[in-house]
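Listed below, chain by chain, are the residues.
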Amino acid sequence: MATDLHGAVAATTAVRVAGLTRSFGGRAVIDSLDLTLRAGEFTVLLGRSGCGKSTLLRILAGLDREIEGEVLVPERRAVAFQAPRLMPWKRVWRNVLLGLPGRPDRERAEQALAEVGLEHRTDAWPKTLSGGEAQRASLARALVREPDLLLLDEPFGALDALTRIKAQQLVAQLWQRRGCAVLLVTHDVDEAVLLADRVLVMDEGRISYDTHIPLDRPREVGDPGFAALRTRLLAELGVV
């Protein structure tokens, strides 16, 4: 079961996983996995479909508790998925506050929506939002929780190319402003090199490759070291 990090350890470590195993029907999707994520670090997790990366994210989010091993995570964490999962019968600002304890006021939602550039859609119904706007609303719902760990499960996968670039830039800005740890699950190698401090490759339920990205920010696909890093990661994924 996932438990909370406390004290001095939490100040430097966002996630600590030891011997984590998650099985479905007798098959280990995650197999004795060990992993540490540092506080404030932007980590990207790559891997082929079925390798266990989304299962790991759900475990870290506390959405899957049928596990063996030790999982230590911050008490304050939030997750955003590829599908924004907005409730169509609630206005955008009410969606942002969904699941928060007590009776949080509208101002709190408005502040989060302003942070993602969606203050003009506060009273909108979800069905009137574009794909990019709906994803920003989902991010606002995560940010309103003031997370020490932000978990992103392919949040840009359903967006068109231009909207995806804008969403990537927004997430990078939010991370730099907030200073929280981020774990982004994606299939996009360019996205990983563009955003990450550290890239992990997952294969058959374990971390098979772990590297830091030494490029200065902001980054461009045309940066001298970008192509070499992309090629290396594609090789680790078995693509080249």
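Before going into details, it helps to say that this report is about the structure given with it. (Residues numbered from 1 in each chain as written. Predicted model: local features only at pLDDT ≥ 70, side-chain atom pairs only at ≥ 80, totals over all residues. Heavy atoms only, no water.)

1. Here we look at helix α5 (residues 131-143)
Residues separated by three or four positions in an α-helix point in the same direction, a consequence of the helix having 3.6 residues per turn.
And then number 1: Here α5 spans 19 Å end to end across 13 residues, near enough to the 18 Å set by a 1.5 Å rise per residue.
And then number 2: Of all 13 residues that make up α5, 11 are buried, and the element is covered over most of its length.
And then number 3: Three or more residues of α5 are buried, namely G132, E133, A134, Q135, A137, S138, L139, A140, R141, A142 and L143.
And then number 4: Packed against the buried residues of α5 are β6 (77-81), α3 (92-96), α4 (106-115), β7 (149-153) and α6 (161-178). (Helix = DSSP H or I, 4+ residues; strand = E, 2+ residues; numbered from the N terminus. Expected span 1.5 Å × (residues − 1). Buried < 20%, exposed > 50% of the residue type's maximum accessible area, 1.4 Å probe, protein only. Contact = heavy atoms within 4.5 Å.)

2. Digging into the packing of aromatic side chains
And then number 1: A complete count under the given rule lists one aromatic pair for this structure.
And then number 2: Ring geometry for F42 and W175: centres 5.5 Å apart, planes at 85°, overall edge-to-face. Of this pair, F42 sits in strand β4 (residues 42-46) while W175 is found in helix α6, placing the two residues 133 residues apart along the sequence. Grouping residues by exposure puts F42 and W175 together as buried.
And then number 3: Looking at R22, its charged tip hangs above the ring of F24, at a distance of 3.9 Å from the centre. (Phe/Tyr/Trp six-rings, centres within 6.5 Å; stacked < 30°, edge-to-face > 60°. Lys NZ or Arg CZ within 6 Å of the ring centre and 35° of its normal.)

3. Focus on α6
And then number 1: Taking 1.5 Å per residue as the helical rise, α6 with its 18 residues ought to reach 26 Å, and the 26 Å between its terminal C-alpha atoms agrees with that figure.
And then number 2: By the burial criterion, the buried members of α6 are R164, A167, Q168, L170, V171, A172, L174 and W175.
And then number 3: Along its buried surface, α6 packs onto β4, α4, α5, β7, β8 (181-185) and α7 (189-195).
And then number 4: In this structure D160 caps α6, since a side-chain oxygen of it lies 3.2 Å from the backbone nitrogen of L162.
And then number 5: Immediately downstream of α6, the backbone of G179 shows phi near 75°, a positive value. (Polar contact = N/O pair within 3.5 Å; in protein donor to acceptor, adjacent residues only side chain to side chain.)

4. Describing the environment of L60
And then number 1: Along the chain, L60 falls in helix α2 (residues 53-60).
And then number 2: Overall, L60 belongs to the buried group, its relative accessible area being 0%.
And then number 3: Separated by 12 residues in the primary sequence, L60 and L72 place their C-alpha atoms 8.3 Å from one another.
And then number 4: L60 has contacts with V15, V17, V71, V73, R77, L151 and L183, leaving out every residue within four places of it along the chain.

5. Looking at the side chain of D64
And then number 1: Mapped onto the elements of the fold, D64 is located in the loop between α2 and β5 (68-73).
And then number 2: Within polar-contact distance, the side chain of D64 engages the side chain of R22 at 2.9 Å.
And then number 3: At 3.2 Å, the side chain of D64 forms a polar contact with the backbone nitrogen of E66.
And then number 4: In this structure, D64 is in contact with R22, F24, T55, R58 and I59, ignoring residues within four places of it in sequence.

6. Examining the sheet that holds β8
And then number 1: Read across the open sheet, the six strands follow the order β6-β7-β8-β4-β9-β10; overall the sheet is mixed. The two strands at the open ends of the sheet, each matched to only one other strand, are β6 and β10 (206-212). This sheet shows a mean twist of 20° between the axes of neighbouring strands, independent of strand direction.
And then number 2: With four bridges connecting them, β4 and strand β9 (residues 198-203) associate as parallel partners. Paired with V44 across the strands is V199, a residue of β9. (Pairing = 2+ DSSP bridges. Axes fitted to C-alpha atoms, helices over the stretch in contact; angles between N-to-C directions.)

7. Topic: the packing of α5 against α6
And then number 1: At a closest axis distance of 11 Å, the pairing of α5 and α6 adopts a crossing angle of 15°. One finds that α5 runs roughly parallel with respect to α6. Viewed along their axes, α5 and α6 form a crossing whose handedness is right-handed. Here G132, R136, L139 and L143 of α5 come into contact with α6, specifically with T163, L170, V171, L174 and R178.
And then number 2: Along the lines of polarity and charge, the residues of the contact of α5 with α6 split into five nonpolar, two polar and two charged. (Parallel < 35°, antiparallel > 145°, perpendicular 65-115°, else oblique. Left-handed = near helix turned anticlockwise from the far one by under 90°. Nonpolar A, V, L, I, M, F, W, Y, C, P; charged D, E, K, R; others polar.)

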